[in-house]
Amino acid sequence: MDKPKFYITTSILYSNAKPHIGFALELLQADAIARWKRLQGHDVYFLTGTDEHGVKVYDKAIEQGKAPQTWVDEVAESVQTLIQRLNISNTDLIRTTDQKRHWPTAQRVWEKLVANGDIEMGHYSGYYCVNDEAYITKTEAESLEYANKKVIQLEEDNYMFKLGKYQDRLTKILEQPTFILPTHRVKEMLNFVNAGLTDISFSRPKEKLSWGVPVPGDDSQVMYVWPDALTNYISAIGYVDNPAKFKKYWPADVHVIGKDILRFHALFWPAMLTSIGEVLPKQILVHGHILSDGQKMSKSFGNVVDPVELIDRWGVDAVRYYLLREIPTLGDGDYSAIRFEEIYNSALANDLGNLVSRILMMAEKYCGDKVPASVSSVSLNPSWGVYQNHMDGLELDAALQSVLTMVSEGNKYIDTTKPWELVKTQPDAVGNDLYQMLESLRQISIMLYPFLPTTSDRIRRQLGLEPINPDAFDFVKETQWGGLLEGHQLGQSEILFPKQN
RNA sequence: CGCGGGGUAGAGCAGUGGUAGCUCGUCAGGCUCAUAACCUGAAGGUCGUGAGUUCGAAUCUCACCCCCGCAACCA
């Protein structure tokens, strides 16, 4: 019995700096979706990676007195650290400097594009800053940053990709209803397309850009970012060296990206795939940017937030909760230390943590640490429908919120049923009420798994249950009411989220 | 100039024609199983501005103001 496959990717981190909180957000969104799909019985392939070529990466290495390869190795290492600290369940990590795994695909795609007449030698004309030795945009050239630097307009021979040729087809692709989330971004792209697409540079002269994938058949040119970076999504799954694997996983079910690189994923990438005769990814999930106390995060403002430091301070699941719940899945969000503490204390410590704590303490006191009998029908019903709709619609923030709503209902249920009074008058009824509470915690532990896997495990341990094994999870069975059996031995209770001041 | 998004209680947001909602925070009360947690209740908004359509508009139309993003080769 083959499981249905699910292929999800993040963008690849541009290696001119160590990973930032925005990349953490992207990893987490993809991780929550990947974990959810595994619970539902999918064979999930979850790819992330690093984009390690380009002038800026090269310059950054030189600036630090390091060989480019040494520098990108360090960045890749720090991505690995972030992945581990965030508890990301990726199955693979691709690096664009990987000459065995990645280069053959980038070059094969290039050759196909050439064979189809979609890449031809042409002229690039644009702005170039001599001081920075960097290509810049028109907007940048006119900005203050370059006012005192020497900016020239240059023309050079580049291989150009005939994007303009795909204008009509791209319009049709963009009009597919769920191709891009949120949908308003489709309009942005359509406007852009309708304004007319020009061809784009796919290579640079080697003397300007040496750190990159060589263009097949032309020693004087090196691939520019698009044909190099975008092809990571297929090189990792064996486009060249493992056709069976490629056939199994392509097309991607979801590309998770930031709004800053939508154009490349919504236009360049589909055009390239169309040209080489491959089907298109099914969906692009576009998240926003994280602001820091309402301001753009930037090194010059000194308000950059390091995700690893946050984990050190608050613990991994608190960071996961903040980024997945407080940052709107499809929009910009704000990071604020004050807000973080509020959220931690109210949602995690007071609502969720305290709920678990009070239920387990009562079970210990009133039921001898064993699951009591359930004598009535369900009276604390988990709303799987709401949760599942949000999950399937990739509304992660709303899905997580719905779990917290259940937590809140649990707290109300306790206050309404007052076990501490009932135990004096109707001990049987107490057992039944506690069954409702314990079983509802079991259900919550499942709902929490995609978002807060460690917390899910810890709740289950307290219930005397095994951690969730996503690859052998019977979704229908496990989400049915009544999984906890009478007489089952509960585990040791513990504080999930100590209150912080 | 243009295109897109947005302006709703102290903060963050939901709400697309019919008596303004949610979360956090604040204040008061209740409870004591619990991490001084939890539950209940209250205060707090002329829904950016002006005009129009309508029996009735946060919700539709028009004009205007403000914020953010995009505006072609920056990941």
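Everything numeric in this text was worked out from a predicted model, so none of it was measured. (Residues numbered from 1 in each chain as written. Chains lettered and ligands numbered in written order. Predicted model: local features only at pLDDT ≥ 70, side-chain atom pairs only at ≥ 80, totals over all residues. Heavy atoms only, no water.)

1. As for the overall build of chain A
Here is step 1 of the chain: From N to C terminus, chain A includes 20 helices and 14 strands.
Here is step 2 of the chain: Computed over C-alpha atoms, the radius of gyration of chain A comes to 26 Å, within 12% of the 23 Å expected from 2.2 N^0.38 for 501 residues, which places it in the range of a compact globule.
Here is step 3 of the chain: The principal-axis extent of the C-alpha atoms belonging to chain A is close to 90 × 50 × 40 Å.
Here is step 4 of the chain: Among the 501 residues that make up chain A, the fraction classed as buried is 55%.
Here is step 5 of the chain: Within chain A, contacts between residues separated by at least 24 positions form 77% of all contacts whose residues are at least 6 apart in sequence.
Here is step 6 of the chain: For chain A, the distance from the average site of its 51 positive side-chain charges to the average site of its 65 negative ones is 1 Å. (Helix = DSSP H or I, 4+ residues; strand = E, 2+ residues; numbered from the N terminus. Rg over C-alpha atoms; globule rule 2.2 N^0.38 Å. Buried < 20%, exposed > 50% of the residue type's maximum accessible area, 1.4 Å probe, protein only. Contact = heavy atoms within 4.5 Å. Lys, Arg positive; Asp, Glu negative; His and termini not counted. Charge placed at Lys NZ, Arg CZ, Asp CG, Glu CD.)

2. Things to note about the protein's contact with RNA strand B
Here is step 1 of the chain: Thr137, Asn191, Gly196, Arg263 and Asn354 are the nearest of the 50 residues found near RNA strand B.
Here is step 2 of the chain: In RNA strand B, atoms within 4 Å of the protein come from the sugar-phosphate backbone in 69% of cases.
Here is step 3 of the chain: Backbone polar atom of Gly353 to a base oxygen of RNA strand B: 3.2 Å apart, as the coordinates give it.
Here is step 4 of the chain: Side-chain polar atom of Arg358 to a base nitrogen of RNA strand B: 2.5 Å apart, as the coordinates give it.
Here is step 5 of the chain: When contributions to the surface near RNA strand B are tallied by element, the ones reaching two or more residues are strand 5 (134–136), helix 5 (138–142), helix 7 (184–194), helix 8 (225–229), helix 14 (337–367) and helix 16 (396–417).
Here is step 6 of the chain: With 14 residues, helix 14 is the largest single contributor of residues to the surface near RNA strand B.
Here is step 7 of the chain: Here the surface near RNA strand B is built from residues that sort into 22 nonpolar, 14 polar and 14 charged. (Near = heavy atom within 4 Å. Polar contact = N/O pair within 3.5 Å; in protein donor to acceptor, adjacent residues only side chain to side chain. Nonpolar A, V, L, I, M, F, W, Y, C, P; charged D, E, K, R; others polar.)

3. Comments concerning the side chain of Ser440
Here is step 1 of the chain: Relative to the elements of secondary structure, Ser440 occurs in helix 18 (residues 427–448).
Here is step 2 of the chain: The residues touching Ser440, leaving out its near neighbours within four places in the chain, are Leu380 and Trp481.

4. A few points about the pattern of salt bridges
Here is step 1 of the chain: Taken as a whole and assessed by the stated rule, the structure comprises 24 salt bridges.
Here is step 2 of the chain: A salt bridge links Asp118 to Lys165; the nearest nitrogen and oxygen atoms lie 2.5 Å apart. Highlighted residues: Asp118 in the loop between helix 4 (103–115) and strand 4 (119–129) and Lys165 in the loop between strand 6 (151–161) and helix 6 (167–174), separated in sequence by 47 residues.
Here is step 3 of the chain: For Asp118, a relative accessible area of 0% corresponds to the buried category.
Here is step 4 of the chain: Judged by its relative accessible area of 42%, Lys165 falls in the partly exposed class.
Here is step 5 of the chain: A network of salt bridges, in which partner residues are shared, links Lys5, Asp253 and Lys282. (Salt bridge = Lys/Arg side-chain N within 4 Å of Asp/Glu carboxyl O.)

5. Overview of the UniProt feature "domain: Methionyl-tRNA synthetase anticodon-binding" (unreviewed entry) in chain A
Here is step 1 of the chain: As recorded in UniProt, the sites labelled "domain: Methionyl-tRNA synthetase anticodon-binding" (unreviewed entry) are residues 386–499.
Here is step 2 of the chain: As a span, residues 386–499 carries 63% helix and 0% strand, and end to end its C-alpha atoms are 30 Å apart. (UniProt positions renumbered as here; feature names shortened; annotations may be inferred.)

6. Comments concerning the packing of aromatic side chains
Here is step 1 of the chain: Summed over all chains, the structure comprises 26 aromatic pairs.
Here is step 2 of the chain: Measuring from centroid to centroid gives 5.5 Å for Trp36 and Phe475, while their planes differ by 85°, and the two rings are edge-to-face. Residue Trp36 is found in helix 1 (residues 21–39), and its partner Phe475 is found in helix 20 (residues 475–478); the two are separated by 439 residues along the sequence. Here the two residues Trp36 and Phe475 agree in accessibility, since each one is buried.
Here is step 3 of the chain: Seen from their ring centres, Trp384 and Tyr387 are 5.3 Å apart, and the 85° between their planes marks the pair as edge-to-face. Separated by three residues within a single helix, Trp384 and Tyr387 lie in helix 15 (residues 384–392), roughly one turn from each other. In this pair, the class of Trp384 matches that of Tyr387, namely buried.
Here is step 4 of the chain: Put simply, the rings of Tyr7, Tyr45, Tyr233, Tyr239, Phe246, Tyr249, Trp250 and Trp269 pair up and form one aromatic cluster.
Here is step 5 of the chain: Directly above the aromatic system of Tyr224 lies the positively charged group of Arg204, at a separation of 4.0 Å from the ring centroid.
Here is step 6 of the chain: Above the plane of the ring of Tyr128 lies Lys208, whose end atom (NZ or CZ) is 5.1 Å from the centre. (Phe/Tyr/Trp six-rings, centres within 6.5 Å; stacked < 30°, edge-to-face > 60°. Lys NZ or Arg CZ within 6 Å of the ring centre and 35° of its normal.)

7. Quick look at the sheet that holds strand 8 (residues 200–201)
Here is step 1 of the chain: Read from one edge of the open sheet, four strands run 5-4-6-8, paired in antiparallel fashion. Pairing within the sheet leaves two strands with one partner each, and these edge strands are strand 5 and strand 8.
Here is step 2 of the chain: The sheet contact formed by strand 4 and strand 5 spans three bridges and is antiparallel. Bridge pairing links Cys129 to Ala134 in strand 5. (Pairing = 2+ DSSP bridges.)

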